[in-house]
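These are the residues of each chain, in order.
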Amino acid sequence: MSESGEQTKREEEAETPDSEGESDDSSDEGEASGGSEMDFLRNLFSRTLGLSPGEKVLDELTLEGVARYIQSGKCKNIICMVGAGISTSAGIPDFRSPGTGLYANLQKYNLPYPEAIFQIDYFKKHPEPFFALARELYPGQFKPTVCHYFIRMLKDKGLLRRCYSQNIDTLERVAGLEGEDLIEAHGTFHTSHCVSSFCRKEYTMDWMKEKIFSEDIPKCDACNSLVKPDIVFFGENLPARFFTTMKKDFPHCDLLIIMGTSLQVQPFASLVSRVPNSCPRLLINMEKTGQSDFAMGFLGIGGGMDFDSDKAYRDVAHLSTCDDGCLAFADLLGWKGELEELVKREHALIDIKDTKKKDETTKQSSEASEKTTAAEPEAGESDKTQ
């Protein structure tokens, strides 16, 4: 069995109950975790003792070395793992940055603790804070970033196998990725469902948006239970597709690009260890994350990245904002002008659509006002006649 297969089985067992897939996928997870203890021990000792290093694919552990690897034509299946850091330049706060992160600015919602706003039990009792926050951060109010469009370019060039995202802002979709290109690991605002397990009626993004911006708490038309966007709260299962697709994707990955994530949330963080042992891993982030830790590795969690040791052979850390890192990477690949033009063109199209929507809204309001004004004299004439 390959080391990547051993890692897959070990990490399947390490996933916590709260992070497992839905019940209809439980049989797959159980099968994958069977007999993993011996696999885990073999893998742990081989990695710790350096007995089975993977083939060194990069000629240099730098961004330049990764660019040359792509240009060689040997890299055909790129997987991107992205977090909140790729959306901060769009104006959407990340979660954990001191002072500016989302969790640092939730005092106005009078929460018992910041994470409560995304806990399902708290939401069912007190939905108001979440929907107030949703009005501030609702998709459609922000434009995709340079980083989003860089991922789109990977798709257009036939290099992107999949993008695994922790984000719920749907900006990957706005940038041009489609459902098949994406694994929205922590869910999405794209659809919503009734929270009642006996109902589960589905609602569209437009329906939810209307409710949120009219400051109504969304209630199910069928059973009057709460309706929640399909984002994954603490205490909820990840989408079953997350588990089934990762088993197909990661064994075939020949370059993993990780951007804008702290790699602190499981099981998403453990994905970095699912690629083949020789697969290069590029981190574009403000700080190094997901590095190897013996104690965490022994428990079967943690990223296992190695940027600086004497044994480092495949991991590259480029420390910068995600946008700057993608521009630098695109420049090395000869794509910078193309990327800048793509961003400019797509943002212009978004502006045109927004202008049309505003004009339509203004027109509808004006027509409604004219009808009201036209009806008033008729009422007056009726009074005179009487």
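Residues numbered from 1 in each chain as written. Predicted model: local features only at pLDDT ≥ 70, side-chain atom pairs only at ≥ 80, totals over all residues. Heavy atoms only, no water.

**Student:** Hey, could you go over the overall build of the protein for me, with residue numbers and the actual values?
**Tutor:** Looking only at helices and strands, the protein has 13 helices and nine strands in total. When burial is assessed residue by residue, the protein has 46% of its 386 residues classed as buried. Intrachain contacts of the protein at a sequence separation of at least 6 include 71% that bridge at least 24 residues. Entry remark: accessible area of the protein is about 19200 Å², with carbon and sulfur atoms responsible for 50%. (Helix = DSSP H or I, 4+ residues; strand = E, 2+ residues; numbered from the N terminus. Buried < 20%, exposed > 50% of the residue type's maximum accessible area, 1.4 Å probe, protein only. Contact = heavy atoms within 4.5 Å. Areas by Shrake-Rupley, 256 points an atom, 1.4 Å probe, with all protein chains shown as cover.)

**Student:** An account of the pattern of salt bridges is needed here, citing residue identities and associated values.
**Tutor:** Under the criterion given, the structure shown has 13 salt bridges. Between Arg152 and Asp156 there is a salt bridge whose closest N-O contact spans 2.9 Å. Of the two residues, Arg152 and Asp156 both sit in helix α7 (residues 146–156), four residues apart, roughly one turn of that helix. The class of Asp156 is partly exposed, set by a relative accessible area of 48%. Glu180 is paired through a salt bridge with Arg162; the nearest N and O atoms lie 3.0 Å apart. Placement of the pair is Glu180 in the loop between α8 (171–175) and β3 (182–184) and Arg162 in strand β2 (residues 160–165), with a sequence separation of 18 residues. Classification of Glu180 by relative accessible area gives exposed; the value is 55%. Counted as one network, the salt bridges with shared partners bring together Arg161, Arg162, Glu180 and Asp249. (Salt bridge = Lys/Arg side-chain N within 4 Å of Asp/Glu carboxyl O.)

**Student:** Hey, could you go over the environment of Arg152 for me, with residue numbers and the actual values?
**Tutor:** Residue class for Arg152 comes out buried when judged on its relative accessible area of 14%. Arg152 sits 25 residues away from Leu177 along the chain, and the two C-alpha atoms are 6.3 Å apart. Apart from residues no more than four positions distant in its own chain, Arg152 is found in contact with Ala175, Gly176, Leu177, Leu342 and Glu346.

**Student:** I'd like to hear about the packing of helix α4 (residues 63–71) against helix α12 (residues 322–333), residue by residue, with values.
**Tutor:** Think of two packed helices as two axes; the pair is described by the angle between the axes and how far apart they sit. One can describe the packing of α4 onto α12 by two numbers: an axis separation of 9 Å at closest approach and a directional angle of 50°. Taken together, the axes of α4 and α12 are oblique relative to one another. In this structure, α4 meets α12 at a crossing whose hand is right-handed. Every residue of α12 that contacts α4 at Leu63, Glu64, Val66, Ala67, Ile70 and Gln71 is listed here: Gly325, Ala328, Phe329, Leu332 and Leu333. In terms of residue class, the contact of α4 with α12 is made up of eight nonpolar, two polar and one charged. (Axes fitted to C-alpha atoms, helices over the stretch in contact; angles between N-to-C directions. Parallel < 35°, antiparallel > 145°, perpendicular 65-115°, else oblique. Left-handed = near helix turned anticlockwise from the far one by under 90°. Nonpolar A, V, L, I, M, F, W, Y, C, P; charged D, E, K, R; others polar.)

**Student:** A description of the sheet that holds β2 should follow, citing residues and the corresponding values.
**Tutor:** If you walk across this open sheet you meet the six strands as β3-β2-β1-β7-β8-β9, and the pairing is parallel. The strands lining the two open edges of the sheet, one partner per strand, are β3 and β9 (315–319). Direction aside, the axes of adjacent strands within the sheet are offset by 15° on average. Pairing analysis gives four bridges linking strand β7 (residues 255–259) to strand β8 (residues 281–285), with the strands arranged parallel. Within the sheet, the bridge partner assigned to Ile258 lies in β8 and is Leu283. (Pairing = 2+ DSSP bridges.)

**Student:** Got a sec to walk through the pairing of β8? Specific residues and values, please.
**Tutor:** Burial within β8 is extensive, with five of its five residues counted as buried. Burial of β8 is two-sided: the residues Arg281, Leu283 and Asn285 facing one way and the residues Leu282 and Ile284 facing the other way are all buried. Where β8 lies against β9, five bridges are found, and the strand directions are parallel. Bridge assignment links Arg281 to a residue of β9, and that residue is Asp315.

**Student:** Which residues make up unusual backbone geometry, and what values go with them?
**Tutor:** Cis geometry is found at the peptide bond from Gln266 to Pro267, where omega equals 5°. Mapped onto the secondary structure, Pro267 falls in the loop between β7 and β8. With phi around 60°, Arg200 is a residue other than glycine that occupies positive phi space. Mapped onto the elements, Arg200 comes out in the loop between β4 (187–194) and β5 (202–204). What makes Arg200 partly exposed here is its relative accessible area of 42%. Although it is not a glycine, Asn224 sits at a positive phi angle of roughly 70°. With respect to the helices and strands, Asn224 occurs in the loop between α9 (205–213) and β6 (227–231).

**Student:** Could you give an account of the nonpolar core, with specific residues and numbers?
**Tutor:** Nonpolar side chains tend toward joint burial in soluble globular proteins. The biggest cluster of nonpolar side chains holds 40 residues, and the ones touching the most others in it are Ile78, Cys80, Phe150, Leu154, Ile257, Met259 and Phe329. Secondary structure elements with two or more residues in this core: α4, β1 (78–82), α7, β2, β7, β8, α12 and α13 (336–385). No other element matches the seven residues that α7 contributes to this core. Other than its neighbours up to four places away in sequence, Cys80 contacts Ile151, Leu154, Leu160, Arg162, Cys163, Tyr164, Ile257 and Met259. In terms of nonpolar packing, the next biggest core, distinct from the first, is built from 26 residues, Ala132, Phe189, Trp207 and Leu226 among them. (Core = buried A, V, L, I, M, F, W, Y, C linked by side-chain atoms within 4.5 Å.)

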